Amino acid sequence: MSAKERLNLVVSPRTRTRIEGLQDRLDSGSLSDVIRQAIQLLDLITERQIEGDKIVVRAKDGSETELTVVL
């Protein structure tokens with residue numbers, strides 16, 4: 001197992017509430033797990049965006065919305 005480092009974050013109450021909401025929806029064991037998953041997703045999206053790919057969300061009705069992350 002790789003070594004881990006402790007990281008202390010200061011977040012607004014709104015951000016904490018959002019992380020806790022994600023924790024509930026994901027049935028995650030910890031806030032740290034939610035943050036790790038969020039970082040993995042953001043890393044993937046920004047990497048693909050840098051490569052010129054488009055990230056698109058398709059709704060149930062077939063409509064599509066392109067997601068962009070400001071780099």
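Residues numbered from 1 in each chain as written. Predicted model: local features only at pLDDT ≥ 70, side-chain atom pairs only at ≥ 80, totals over all residues. Heavy atoms only, no water.

1. Notes on the side chain of S28
Now for step 1: Among the secondary structure elements, S28 is positioned in the loop between α1 (13-26) and α2 (31-50).
Now for step 2: Given the relative accessible area of 16%, S28 is considered buried.
Now for step 3: At a separation of 3.3 Å, a polar atom in the side chain of S28 contacts the main-chain carbonyl oxygen of S30. (Helix = DSSP H or I, 4+ residues; strand = E, 2+ residues; numbered from the N terminus. Buried < 20%, exposed > 50% of the residue type's maximum accessible area, 1.4 Å probe, protein only. Polar contact = N/O pair within 3.5 Å; in protein donor to acceptor, adjacent residues only side chain to side chain.)

2. A look at the pattern of salt bridges
Now for step 1: Per the counting criterion, the structure on display carries five salt bridges.
Now for step 2: Note that R36 and D33 form a salt bridge whose closest N and O atoms lie 2.5 Å from each other. With R36 and D33 both in helix α2 and three residues apart, this pair spans about one turn of that helix.
Now for step 3: A residue is classified by how much of its surface remains accessible, and R36, at 44% relative accessible area, is partly exposed. (Salt bridge = Lys/Arg side-chain N within 4 Å of Asp/Glu carboxyl O.)

3. Focus: a nonpolar patch on the surface
Now for step 1: Taken together, L7, L9 and V11 make up a surface patch of nonpolar side chains, about 300 Å² in accessible area.
Now for step 2: In this fold, L7 is placed in the segment before α1.
Now for step 3: The exposure class of L7 is exposed, given its relative accessible area of 66%. (Patch = residues over 30% accessible without salt bridge, like charges linked within 9 Å, V, L, I, M, F, W, Y side chains within 5 Å. Areas by Shrake-Rupley, 256 points an atom, 1.4 Å probe, with all protein chains shown as cover.)

4. Considering the pairing of strand β2 (residues 64-67)
Now for step 1: Here four bridges tie strand β1 (residues 55-58) to β2, and the two strands are oriented antiparallel to one another. Bridge pairing links R58 to E64 in β2.
Now for step 2: Where β1 hands over to β2, the hairpin turn is made up of five residues, of which G62 adopts a positive phi near 95°. (Pairing = 2+ DSSP bridges.)

5. Details of α2
Now for step 1: Look at α2: 28 Å from first C-alpha to last across 20 residues, which is about the 28 Å you get at 1.5 Å a residue.
Now for step 2: Where α2 is concerned, the buried positions are V34, I45, T46 and Q49. What you see down the axis of α2 is that its buried residues fit within an arc of 95°, all on one side. Exposed positions of α2 whose direction lies more than 90 degrees from the buried face are I39, Q40 and I50.
Now for step 3: Summarising the contacts, the buried residues of α2 are in contact with α1 and β1.
Now for step 4: With its phi angle positive at about 95°, G52 sits one or two positions after the end of α2. (Expected span 1.5 Å × (residues − 1). Arc of directions from axis to C-beta. Contact = heavy atoms within 4.5 Å.)

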